[in-house]
Amino acid sequence: MSSTTPYSTPAKLAHWLIAALILAAFPLGLYMQELPLSPEKLRLYSYHKWIGMTVLLLFMPRLLWRLVRPPPALLPGPAWQLKLAEATHWLLYLLMAAVPLCGWLMSSAKGFQVVYLGLVPLPDLVGKDQALGTLLADLHSSLAWALMVLIVVHAAAALKHHLIDRDDTLRRILPFVKLPSGETRS
């Protein structure tokens, strides 16, 4: 029997919206890199940057929400598993901020200002410096890959809880699943 205290609606919304954006930005980033320089490539780079800045904008209130309103307690399990789950969540938060921030720094260093949604020019975070831009491009790529690996691990753990442990870890974060606080399932 396990407690099924659900995540709050704002937490669920932020979780799935940010996940969808990241899962769109990553393959777009891979695809656009291989294209020859063209108007299409520049347009895709803009979309990629817009998605990244949106993730960063959504991340800030999400983090604040988490700090002000902690998530429901983890379901019972081995101590190492609970510690690993907590560490994974905080590393996901760190990477959700670091990847788009690194991309913004890279754009600045390479001399390409980020213009959010084609309307709002964002300030350059560093001066133009091609060597720094190259270093930041490598870092952005490495952090993005680390984020994707962590997302796969996170999703696999959720599925393991759902399919093997048959607990409510996954159900608590699913949208449109209403679980009254304190409800239990056997």
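Please read these numbers as outputs of a predicted model, since none were measured by experiment.

Draft legend 1. Representation of the overall build of the protein. Scanning the protein from terminus to terminus reveals 4 helices and 4 strands. Along the protein, helices and strands appear, N-terminal first, in the series β-α-α-α-β-β-α-β. Considering only C-alpha atoms, the protein reaches an extent of 60 × 30 × 25 Å along its principal axes. By residue count, 37% of the 186 residues in the protein fall in the buried class.

Draft legend 2. Representation of the nonpolar core within the structure. Ile-22, Met-53, Met-96 and Leu-147 are the most contacted members of the largest nonpolar core, which totals 34 residues. Taken together, the elements giving at least two residues each to this core come down to helix H1 (9-33), helix H2 (39-68), helix H3 (79-109) and helix H4 (130-165). Broken down by element, the residue count for this core peaks at 10 residues, all from H3. If we ignore the near neighbours within four places in the chain, the residues touching Ile-22 are Val-55, Met-96, Leu-147, Met-148 and Ile-151. In terms of nonpolar packing, the next biggest core, distinct from the first, is built from 5 residues, Tyr-7, Ala-11, Ala-158 and Leu-170 among them.

Draft legend 3. View of the pattern of salt bridges. Across all of its chains, the model carries 3 salt bridges by this definition. The partner of Asp-165 in a salt bridge is Lys-160, with the nearest N and O atoms 2.6 Å apart. Residue class for Asp-165 comes out partly exposed when judged on its relative accessible area of 32%. Lys-160 sits in the partly exposed class, given a relative accessible area of 30%.

Draft legend 4. A look at the environment of Leu-44. By secondary structure assignment, the location of Leu-44 is in helix H2. On the accessibility criterion, Leu-44 (9% relative accessible area) is buried. Separated by 36 residues in the primary sequence, Leu-44 and Trp-80 have C-alpha atoms spaced 42 Å apart. Other than its neighbours up to four places away in sequence, Leu-44 contacts Leu-28, Tyr-31, Met-32 and Leu-35.

Draft legend 5. Spatial organisation of the side chain of Arg-172. For Arg-172, the location among the structural elements is in the loop between H4 and strand E4 (184-185). The buried charged residue Arg-172 lacks any salt bridge partner; its closest oppositely charged side chain belongs to Asp-167, at an N-O distance of 7.4 Å. Side-chain polar atoms of Arg-172 contact the backbone oxygen of Ala-73, separated by 3.0 Å.

Draft legend 6. Geometry of the confidence of the model for the protein. When pLDDT is averaged along the protein, the result is 90; 94% of the residues meet or exceed 70. Per-element mean pLDDT across the protein ranges from 38 in E4 up to 97 in strand E3 (residues 120-121). Taken as a whole, residues 182-186 scores under 50 in pLDDT and shows 13 contacts with residues more than four places along the chain or in a different chain.

Draft legend 7. Quick peek at unusual backbone geometry. In this model, Leu-117 sits at a positive phi of 55°, which is unusual for a non-glycine residue. Here Leu-117 is to be found in the loop between strand E2 (115-116) and E3. Classification of Leu-117 by relative accessible area gives partly exposed; the value is 45%. Positive phi, close to 55°, is recorded for Arg-166, a residue that is not glycine. Inspection of the secondary structure assignment puts Arg-166 in the loop between H4 and E4. Here Arg-166 falls in the exposed class, since its relative accessible area comes to 62%.

Cut-off values and rules
- Residues numbered from 1 in each chain as written.
- Predicted model: local features only at pLDDT ≥ 70, side-chain atom pairs only at ≥ 80, totals over all residues.
- Heavy atoms only, no water.
- Helix = DSSP H or I, 4+ residues; strand = E, 2+ residues; numbered from the N terminus.
- Buried < 20%, exposed > 50% of the residue type's maximum accessible area, 1.4 Å probe, protein only.
- Core = buried A, V, L, I, M, F, W, Y, C linked by side-chain atoms within 4.5 Å.
- Contact = heavy atoms within 4.5 Å.
- Salt bridge = Lys/Arg side-chain N within 4 Å of Asp/Glu carboxyl O.
- Lys, Arg positive; Asp, Glu negative; His and termini not counted.
- Polar contact = N/O pair within 3.5 Å; in protein donor to acceptor, adjacent residues only side chain to side chain.
- pLDDT = per-residue confidence, 0-100.

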